[in-house]
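Each chain, written out:
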Amino acid sequence: MSENLKNLQLSKILDLEKIRVVGNPIEKAHGLPNECYTSSDYLSIERERIFKDKWTVIGVGSSVPNVGDAQPYNLLGIPLIILRDKEKKIRVFHNVCSHRGFKLLDEPCALKNVLRCPYHSWSYDFDGKLVATPHIGGLNVHETEKFDKSSSNLKEVKTKIWMDIIFININSNELEFDEYIKPLEERWSKFISKEDQKLLKHSKDHGYFSLDVKCNWKFAIENYCESYHLPWIHPELNKVSNISDHYHIQGLPNRFAGQGTNKYDQPVKGNQSFNNFPNWPKDLFKKAEYIALFPNVMIGLHVDHFYVFWLEPKSFSETKEHLTMYYVGDDSANGSEFTEMRKKNAEFWKEVMIEDIKAIEGMQEGRNSPVYNGGNFSPIMDNPTHEFHKWVATNLV
Ligand code: FES
Ligand SMILES: [Fe+2]
C-alpha cells in the first residue's frame, strides 16, 4: 500500500475519532483508537504534526554543562545535536553536514573549537558557521571563490530553555515559547518566581536515571496525569497521600494537565531538610504539583525539589523515560551533608516510576485487543487524560 494511501486511511480513521474523542462531553467520549498506539504509520503522522510542530522536549541543559559539550539526539529518526556554545547558551542544530550529508556527531563529546565532519573534514564553529573546507579548491586550496561558505552553515533549530528543560520547535511554527508557557508560569507563580527558577541546581550524584519501557509514549503522559490509580499501583505512596488528598489540574488553554497533592511531606534526616524555595508561602508547603506539559515532558514541583521526567519515543511501542532531579541551591543539590537524603529521594521517585511501568505496559498490551478501541472515561477521575486525548486528536487532524 502506498504511503499516501495509508495516510489517507489513517486520517479517515482519525477524522472519525476526532468526533468520538473531541466532539463529546467526557461521559460520552471515547479514548484515542488503537491505531494511535499500535501503528508505525500513525507514529509518522505524530512525528510531523506533534513532534515537529509543537514545543518538544529533547533533554536538559545539565547534560551539557560546559562550553563545547555536545551530544547527538535522535527524534524519531531526525538527527539533532545539542551543543553548549561559547556564551554558554544551548543551541540545537540538525545533525547533518552541509557537504554530502554525513551525520556529524555519533557520541556525546567535549568539543574544543569546532565540530568537524569525519568524512571530508569540513568544520563548523559553535554558532554553526562553516569555518573550514579543506582542499575544497583542489589539493592545499582551502577556499575558492566558486564556493560561498556562508550559505552552508549548519541548520539551527528554534530552541528555548525553561527550568533547565530543552524545548525545540523544529518547524518554527508554534507560538512563541514565552506565550506558550505563560499559563503554567502564572499557575506556579504562587509557588516560585522567575528569580526562584534560577536557584534550581542539578544534583550530580543522585540526579538522573532512565527507564526503558515497552509502551507508547502517550501512555506515560496519560498515567502521569491522574491519581485514580494510586491505591492499586502505589500502595505505599497511597498510605501517606491518597486519592482524596489529590486534585486534578487542567491547564487553559489545553496545553498541560496533571494533578496536585495537599499532603506532600518533605524528606528529613534528623532535623535536617533540603533548602526551600525562598518565596514559597508557608501555608502551601504541603502542596506539590505534577504536570504533563504536552507532548512529552512531565514535571514535579515541590517546595524543596523539582524533577523533569521527559520521554524519548523510540517506536510506537517503546519509550525511554529520563528523570533529572534538581534542588534549591548548591548545598542541597551537591553538598556532601545531603548525599544520603538525595540518594533516598531519587530512590523514592525511581520506585514510583517503576511501579507505573506495570500500568503503562499493561495498557499497551491491551491495545492489541480487537474488542477495545479507546474505551470510556470516568467523568470524575479521568478528566486530565481526556483533555490530553483531545489535544492529540485536535493537533492531528
Ligand atoms: S560530508 Fe561532511 S565534509 Fe563531506
Ligand atoms: Fe503513578
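Residues numbered from 1 in each chain as written. Chains lettered and ligands numbered in written order. Predicted model: local features only at pLDDT ≥ 70, side-chain atom pairs only at ≥ 80, totals over all residues. Heavy atoms only, no water.

Asks: Help me understand the nonpolar core in this model?
Replies: The tendency in soluble globular proteins is for nonpolar side chains to be buried side by side. Formed by 97 residues in total, the largest nonpolar core has its most connected members in Leu80, Trp162, Trp188 and Ile299. Both of domain 1 (57-160) and domain 2 (174-396) provide at least three residues apiece to this core. With near-sequence residues (within four places) excluded, tryptophan 188 lies in contact with Trp162, Met163, Glu289, Ile291, Ile299, Leu301 and Phe306. Listed in part, the 15 residues of the second largest apolar core include Cys97, Leu105, Leu115 and Tyr124. (Core = buried A, V, L, I, M, F, W, Y, C linked by side-chain atoms within 4.5 Å. Buried < 20%, exposed > 50% of the residue type's maximum accessible area, 1.4 Å probe, protein only. Domains from an automatic or database assignment. Contact = heavy atoms within 4.5 Å.)

Asks: What should I look at first to understand the pattern of salt bridges in this one?
Replies: Once the charged atoms of two side chains with opposite charge are near each other, the side chains can pair. Applying the stated rule across the entire model yields 21 salt bridges. Here lysine 149 makes a salt bridge to glutamate 143, at a shortest N to O gap of 2.6 Å. Two residues, arginine 187 and glutamate 289, come together in a salt bridge whose shortest N-O distance is 2.8 Å. Highlighted residues: arginine 187 in helix H4 (residues 177-188) and glutamate 289 in strand S17 (residues 288-293), separated in sequence by 102 residues. Its relative accessible area of 25% is what places arginine 187 among the partly exposed residues. (Salt bridge = Lys/Arg side-chain N within 4 Å of Asp/Glu carboxyl O. Helix = DSSP H or I, 4+ residues; strand = E, 2+ residues; numbered from the N terminus.)

Asks: Teacher, can you tell me more about the coordination of the iron ion (ligand 2) here?
Replies: For a metal bound by four donors in tetrahedral geometry, the ideal donor-metal-donor angle is 109.5 degrees, whereas six donors in octahedral geometry ideally sit at 90 or 180 degrees. The protein atoms that coordinate the iron ion (ligand 2) are His229 (NE2), His234 (NE2), Asp356 (OD) and Asp356 (OD), at distances of 2.1 to 2.6 Å. For the iron ion (ligand 2), the 4 donor atoms in the first shell make angles of 54 to 145 degrees at the metal, so the coordination geometry reads as irregular. When the donors of the iron ion (ligand 2) are listed by position in the chain, the intervening gaps give H-x4-H-x121-D. Here the residue histidine 234 occupies a position in the loop between helix H7 (230-233) and helix H8 (235-240), and aspartate 356 occupies one in helix H10 (residues 339-366), the gap between them amounting to 122 residues. Comparing histidine 234 with aspartate 356 shows no difference in burial state: the two are buried. (Donors = N, O, S within 2.8 Å, 3.2 Å for Na, K, Ca; no water. Tetrahedral: all angles 85-135°; square planar, octahedral: opposite > 155°, others 65-115°.)

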